[in-house]
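# Fold and contact review
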Amino acid sequence: MDILNFQTHNRIQRDAFTTRMRVFLSVIVILLFYVVYIGATQTGDYPDKIWLHRCNSMEKLLEKHDEYPNIEVDVIFSRQNRTFDVTHDPENSINLNLNNYFAYLKEHGGKIWLDIKNLTRYNKKVLYASLDRLLSQFRIDRKRLIIESPNWKSLKYFTDRGFYTSCYVSYDKPSHMDNEEIDHCIEELRHVVDEGAVCALSFPGYWYRPIKQQLDRPTDLPTWEHRKTQLQLLLSPRGQDMLSDPQLKVILVKDKGNHHR
C-alpha cells in the first residue's frame, strides 16, 4: 500500500469511527431525555407516599400545599407554655406555633409528620395532653399525624393511646460502619419493634437497603431523601424500589421553594 492509499484508508477509518461515536452519543442523549421525561410525567403521581420534608414555615406550606398535601415539620415542645414551636433548632426559632398548621389543615386537609425534637419521659404526659387538646380544638383526627422521636420508650405512651408513632433511627451511615456494627444496629432495631412500643421505624434513605434486607420484621418504614428532589427520587433506582415497596409508607423529599428554613 503506497503512502497515499494508506492515508486515505486511515481517514476513512477515522471518519467511520467519528460517525459511530456520534450515533452512540445521540442514542445516549435520547435515552437520557426519555428517562427524564418519564420521571417528569410521574411527578405528583404519589401524593400519599411522597411528602414534603422540613416544611417549617407557613409560607412554604402555602406555596407547596397543592403539590404536597402531606408534610413533615420539626417541633420543640415548651413545657412551661405548653406550646409547640415549629423549628428545627431552638436558636433559629421564629415563634411559629403549631396551632397555625392545624388551623390550615382543618380547612384544607392533609397529614402532618411531627418530628418532636425534645420528647422525654419527663414531659411525655404533658406533651400528650397538650397535643390532644390541640387536636380536639381543631377537630383533627389523630390518624392524620405521625409522631416521631428517637425516644421510643416515651413514644409508647402515644402508641398505647392510638397515635401512629415512629422511632427515629439516628445511627451513622452504614458506609461508615463494618458488618459487625451494622448487625448490632439491626439487632437494636429488632428489639424496638419487638417491644411493640412504636408503629414504625423512620430513617434516612441510606439505611433503606440494610434495614429492608436484614430487619426481618413486618413494621412500617417511613424514610426521607432530604437531599433529593421528587424528580431525583423518581429517576433513581433506589427511589423506584422505595415507591414500589408496600412496607415503606412515606418518603420525605427536598423541595425548598422560596420560603425554606
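In short, a report on the structure. All residue numbers refer to position in the chain's written sequence, counted from 1. For a predicted model such as this one, the threshold for reporting local features is a pLDDT of at least 70, and the threshold for listing and counting side-chain atom pairs is 80 or more; totals across whole chains, interfaces and linings nevertheless cover every residue. Heavy atoms from the whole structure form the basis of all side-chain values; hydrogens and water molecules are not counted.

## Considerations on the packing of aromatic side chains
For Phe, Tyr and Trp, rings pair up if their centres lie within 6.5 Å, where Trp contributes its six-membered ring, and each pair is then called stacked (planes under 30 degrees apart), edge-to-face (over 60) or tilted (otherwise). Evaluation of the coordinates by the stated rule reveals ten aromatic pairs. With 6.3 Å between their ring centres and 80° between their planes, Tyr157 and Phe158 make a pair best called edge-to-face. Like Phe158, Tyr157 is buried. Ring geometry for Phe158 and Phe163: centres 5.8 Å apart, planes at 65°, overall edge-to-face. The exposure class of Phe158 is buried, given its relative accessible area of 0%. Residue class for Phe163 comes out buried when judged on its relative accessible area of 2%. Taken together, the ring pairs connect Tyr128, Tyr157, Phe158 and Phe163 into an aromatic cluster. Its end group placed over the ring of Tyr128, Arg161 keeps NZ or CZ at 6.0 Å from the ring centre. Across from the ring centre of Tyr157, 3.6 Å away, lies the NZ or CZ of Arg161, which sits over that ring. Burial here depends on accessible area, computed with a 1.4 Å probe over protein chains only, as a share of the maximum for the residue type. Under 20% is buried, over 50% is exposed, and the range in between is partly exposed. The criterion for a charge sitting over a ring is simple: Lys NZ or Arg CZ within 6 Å of the ring centre, and within 35 degrees of the ring normal.

## Things to note about the environment of Gly109
One can find Gly109 in the loop between α3 (98–108) and β4 (112–116). Taking the C-alpha atoms as reference points, Gly109 and Pro69, 40 residues apart in sequence, are found 7.3 Å from one another. Only DSSP runs of H or I reaching four residues or more are called helices, and only runs of E reaching two or more are called strands; each is numbered from the N terminus.

## Some points on the layout of surface pockets
Note on definitions: the grid is 1 Å and covers protein atoms alone; a cavity is a set of points where a 1.4 Å probe fits but cannot get out; a pocket is an open set with protein on both sides within 12 Å along at least five of seven lines; lining residues have an atom within 4 Å of a point. Grid points are joined across faces, edges and corners, and a volume is the space filled by probe spheres set on the points. What the largest pocket holds in volume is close to 240 Å³. Taken together, 18 residues line the largest pocket, and the ones lying closest to its centre are His53, His88, Asp115, Tyr168 and Trp224. Just so you know the grouping, Ala, Val, Leu, Ile, Met, Phe, Trp, Tyr, Cys and Pro go in nonpolar, Asp, Glu, Lys and Arg go in charged, and all remaining residues, Gly too, go in polar. Broken down by class, the residue content of the lining of the largest pocket amounts to eight nonpolar, four polar and six charged.

## Re the nonpolar core
Among the buried residues, those of types Ala, Val, Leu, Ile, Met, Phe, Trp, Tyr and Cys that are joined through side-chain atoms within 4.5 Å form a nonpolar core. Val73, Leu98, Tyr101, Phe102, Ile112, Leu114 and Leu145 are the most contacted members of the largest nonpolar core, which totals 62 residues. With seven residues, helix α4 (residues 124–138) is the largest single contributor of residues to this core. Residues in contact with Ile112, not counting those within four places in the same chain, are Trp51, Ile71, Val73, Leu98, Tyr101, Phe102, Leu105, Arg144, Leu145 and Ile146. Residues Trp113, Ile146, Val250 and Leu252 belong to the second largest nonpolar core, which totals six residues. Here, two residues are considered to be in contact whenever any of their heavy atoms come within 4.5 Å of each other.

## A closer look at the packing of α3 against α4
Every angle, taken between N-to-C directions, lies between 0 and 180 degrees, and every axis is a line fitted to C-alpha atoms, over only the stretch in contact when it is a helix. Between α3 and α4, the shortest axis-to-axis distance is 10 Å and the interhelical angle comes to 35°. Considering only the axes of α3 and α4, their crossing is right-handed. Contact residues: α3 offers Leu98, Asn99, Phe102, Ala103 and Lys106, while α4 offers Leu131, Leu134, Leu135, Gln137 and Phe138. Its residues placed into classes, the contact of α3 with α4 shows seven nonpolar, two polar and one charged. In this scheme the crossing of two helices becomes right-handed for a clockwise turn of the near helix relative to the far one and left-handed for an anticlockwise turn of less than a right angle.

## Some details on unusual backbone geometry
One non-glycine residue, Arg82, lies in the positive phi region at around 55°. A relative accessible area of 46% means that Arg82 is categorised as partly exposed.

## Some words on the pairing of strand β6 (residues 164–168)
Of the pairings in the sheet, the one linking strand β5 (residues 145–149) to β6 comprises four bridges and is parallel in character. By the bridge assignment, Ile146 is partnered in β6 with Tyr164. In this region the chain leaves β5, passes through helix α5 (residues 152–159) and returns to the parallel neighbour β6; the handedness of that crossover is right-handed. At least two bridges found by DSSP between two strands are what make those strands a pair. Note: β6 against strand β7 (residues 200–204), three bridges, orientation parallel. Bridging across to β7, Cys167 finds its partner in Leu201. Here a crossover is taken to be right-handed if, once the strands point away from the viewer, the path from the first strand over the helix to the second is traced clockwise.

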